[in-house]
Amino acid sequence: MKKIAFFSTKPYDKEFFEKYNQGHEIDFYEVALNEQSARLAEGVEVVCAFVNDKLNAAVIETLQKSGVQLIALRCAGFNNVDLAAAEQANIKVVRVPAYSPYAVAEHALALIMTLNRKTHKAYNRVREGNFSLEKLTGFDIYQKTVGVIGTGKIGGIFARIMLGLGCKVLAYDTYHDEHLMAIGVSYVNLDELLNASDIVSLHCPLTEETRHLINTEALDQMKKGVMVINTSRGGLIDTQAVVEALKNKTVGYLGIDVYEQEENVFFNDLSEEILQDDTLARLMTFPNVLITSHQGFLTEEALTQIAITTLQNISDFEHQRELTNEIK
Ligand code: NAD
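Where an unreviewed UniProt entry is consulted, the protein chain appears under the name 2-hydroxyacid dehydrogenase, with the organism given as Emticicia soli. Turning to the protein chain, the UniProt annotation filed under Sequence similarities (unreviewed entry) states: "Belongs to the D-isomer specific 2-hydroxyacid dehydrogenase family."

Asks: I tried to follow the site of the ligand on my own but got confused; where do I start?
Replies: The local shell around the ligand holds 22 residues, among which Tyr 99, Lys 153, Ile 154, Asp 173 and Thr 231 are the closest. With respect to the ligand, the backbone of Ser 232 contributes an N or O atom lying 3.4 Å from an oxygen atom. A distance of 3.0 Å is found between a nitrogen atom of the ligand and a side-chain nitrogen or oxygen belonging to Asp 257. For the ligand, the accessible surface in isolation is 870 Å², of which the surrounding protein chains cover 86%. In this structure, the ligand is accommodated by the largest pocket.

Asks: Can you help me understand the side chain of Glu 318 in this one?
Replies: Along the chain, Glu 318 turns up in helix H12 (residues 300–318). The buried charged residue Glu 318 lacks any salt bridge, with Lys 2 as its nearest oppositely charged partner at 6.0 Å. Excluding residues within four positions of it along the chain, Glu 318 makes contact with Met 1, Lys 2 and His 24.

Asks: Before we go on, may I ask you to explain the layout of surface pockets in this structure?
Replies: Empty space among the atoms can be located by rolling a probe the size of a water molecule over them. Computed from the structure, the largest pocket encloses a volume of approximately 980 Å³. Contributing to the lining of the largest pocket are 41 residues, with His 203, Cys 204, Pro 205, Leu 206 and Ser 232 lying nearest its centre. Elements with a contribution of two residues or more to the lining of the largest pocket: helix H4 (101–117) and helix H6 (153–164). Taken together, the residues that form the lining of the largest pocket break down as 22 nonpolar, 13 polar and six charged.

Asks: For this particular structure, what's the right way to read the nonpolar core?
Replies: In globular proteins that are soluble, nonpolar side chains generally tend to be buried together. Membership of the largest hydrophobic core comes to 47 residues, with the highest contact counts inside it found for Leu 33, Val 47, Leu 55, Ile 60, Leu 63, Ile 71 and Leu 73. For this core, the secondary structure elements donating two or more residues are strand S1 (3–6), helix H1 (11–20), strand S3 (46–49), helix H2 (57–66), strand S4 (70–73), helix H3 (83–88), strand S5 (92–94) and H12. If one sorts the elements of this core by residue count, H12 sits on top with seven residues. Not counting residues up to four positions away in its chain, the partners in contact with Ile 60 are Leu 55, Ile 71, Val 81, Asp 82, Ala 85, Ala 86, Ala 89 and Ile 91. Ranked by size, the runner-up nonpolar core spans 34 residues in total, among them Leu 202, Val 226, Leu 246 and Val 289.

Asks: How should empty space enclosed by the protein be read in this particular structure?
Replies: Evaluation of the coordinates by the stated rule reveals one cavity of 30 Å³ or more. The volume enclosed by the largest cavity comes to roughly 50 Å³. Every residue along the wall of the largest cavity is listed here: Asn 230, Gly 234, Ile 237, Thr 239, Val 242, Leu 254, Ile 256, Val 258, Tyr 259, Glu 260 and Leu 283. Contributions of two or more residues to the lining of the largest cavity are made by helix H10 (239–247) and strand S11 (251–256). In terms of residue class, the lining of the largest cavity is built from seven nonpolar, three polar and one charged.

Asks: What is the right way to read the packing of aromatic side chains from this model?
Replies: Two aromatic rings, taken as a pair, are described by how far apart their centres are and by the angle between their planes. Using the criterion set out here, one finds eight aromatic pairs in the structure. Between the aromatic rings of Tyr 259 and Phe 266, the centroid separation amounts to 6.4 Å while the plane-to-plane angle is 35°, which identifies the pairing as tilted. Of the residues examined, Phe 266 reaches a relative accessible area of 5% and is grouped as buried. A network of ring pairs unites the aromatic residues Tyr 12, Phe 50, Phe 267 and Phe 297 as a single cluster.

Asks: Mind showing me how you'd approach the pattern of salt bridges here?
Replies: By the definition in use, this model includes twelve salt bridges. Here Glu 35 and Lys 54 are joined by a salt bridge, their closest N and O atoms 3.9 Å apart. Taken together, the residues span a long stretch of sequence, with Glu 35 in the loop between strand S2 (25–28) and S3 and Lys 54 in the loop between S3 and H2 at a distance of 19 residues. Among the salt bridges present, the one from Lys 92 reaches Glu 326, with a minimum N-O distance of 4.0 Å. Placement of the pair is Lys 92 in strand S5 and Glu 326 in the segment after H12, with a sequence separation of 234 residues.

Asks: Quick question: what am I supposed to make of the UniProt feature "domain: D-isomer specific 2-hydroxyacid dehydrogenase NAD-binding" (unreviewed entry) in the protein chain here?
Replies: If you check UniProt for "domain: D-isomer specific 2-hydroxyacid dehydrogenase NAD-binding" (unreviewed entry), the listed places come out as residues 109–296 in our numbering. Secondary structure within residues 109–296 divides into 34% helix and 16% strand; the distance between the first and last C-alpha atoms comes to 10 Å.

Asks: When you look at a nonpolar patch on the surface in this model, what are you seeing that I'm missing?
Replies: Nonpolar side chains collect at one region of the surface, where Leu 270, Leu 275 and Met 284 lie side by side and expose about 240 Å² of accessible area between them. Inspection of the secondary structure puts Met 284 in the loop between helix H11 (278–283) and strand S12 (289–291).

Cut-offs used in this document
Residues numbered from 1 in each chain as written. Predicted model: local features only at pLDDT ≥ 70, side-chain atom pairs only at ≥ 80, totals over all residues. Heavy atoms only, no water. UniProt positions renumbered as here; feature names shortened; annotations may be inferred. Near = heavy atom within 4 Å. Polar contact = N/O pair within 3.5 Å; in protein donor to acceptor, adjacent residues only side chain to side chain. Areas by Shrake-Rupley, 256 points an atom, 1.4 Å probe, with all protein chains shown as cover. 1 Å grid on protein atoms, 1.4 Å probe; cavity = no way out; pocket = protein on both sides within 12 Å on 5 of 7 lines; lining within 4 Å. Sits in = over half its atoms within 2 Å of the grid points. Helix = DSSP H or I, 4+ residues; strand = E, 2+ residues; numbered from the N terminus. Buried < 20%, exposed > 50% of the residue type's maximum accessible area, 1.4 Å probe, protein only. Lys, Arg positive; Asp, Glu negative; His and termini not counted. Salt bridge = Lys/Arg side-chain N within 4 Å of Asp/Glu carboxyl O. Contact = heavy atoms within 4.5 Å. Points joined across faces, edges and corners; volume = space filled by probe spheres on them. Nonpolar A, V, L, I, M, F, W, Y, C, P; charged D, E, K, R; others polar. Core = buried A, V, L, I, M, F, W, Y, C linked by side-chain atoms within 4.5 Å. Phe/Tyr/Trp six-rings, centres within 6.5 Å; stacked < 30°, edge-to-face > 60°. Patch = residues over 30% accessible without salt bridge, like charges linked within 9 Å, V, L, I, M, F, W, Y side chains within 5 Å.

Written as structure tokens, this is what we have:
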């Protein structure tokens, strides 16, 4: 059985991993993995990391010196790992490529519905005895045009959900999914999608190519008052550019579950701290911006699948079986 150093532990991680663990020895650390904390992995062969753990060359070098042989990501995205450094250090990297894509697609829908019908504001109003409907007007989602950027597992389900609501769905992806086309999704180029969509939702991975895909130029092409939704990775949006677009009302609604500089903020209770991120503070002042702190994955089904697949990845490594979820 393997000894595992588990970073960025939250109570729900511990609950689900302890439920499904069959004999591995897991040291749960609340601290995130970075240059300082990497030495906690001394003498351990497996490190388990999440989205905001830093796995740059310096951290990987420390892990290698500590004897780490496997990095088991308990997430799908791997933009936080220097894969070249891991290969050079002879450390294998595995991930959970799919764990209830419904969880994230449905969270994108939750952001849209909340921003549109303002249920978060209505809830607070009614609790305070204010039964006025002033400024709560929304719009029918039915027959609106929704642009889906990235139609993989999550984007594909999101597209189906929006078709179910009676929307016209446009998609942009380097790969065209025939099943989606058969049920009415139209693939178009990015310019056309940005021009025509009432709602734009991001579901592609963060790569060098997609970093700041939504920049000033892209925002200028969008319909006045567009709703922009990002449940993928913060770096897909140039945050300064979107702040400007909110100020000049090009963007009418912004719903984000991810944020470019989320690393030291999201997942933490900072309610008694002074927020140091002025851009995030500015975003929080807009009445038409809804921010959730990377909770798209947070469902019973997704947490179960994350724990089962991660522990299976580690057992496969232990028994020298083929690593089906290895990132190369
Ligand atoms: P996936 O690999 O199944 O799909 C990604 C799609 O994006 C693919 O169809 C791919 O062809 C497409 N794509 C790649 N480069 C593109 C580009 N330049 N332009 C347009 N399309 C491009 O991945 P998935 O499981 O659907 O996950 C999508 C993303 O969601 C992940 O990369 C991850 O960052 C994010 N995610 C977020 C959460 C959360 O909790 N908010 C949870 C899981 C995943």
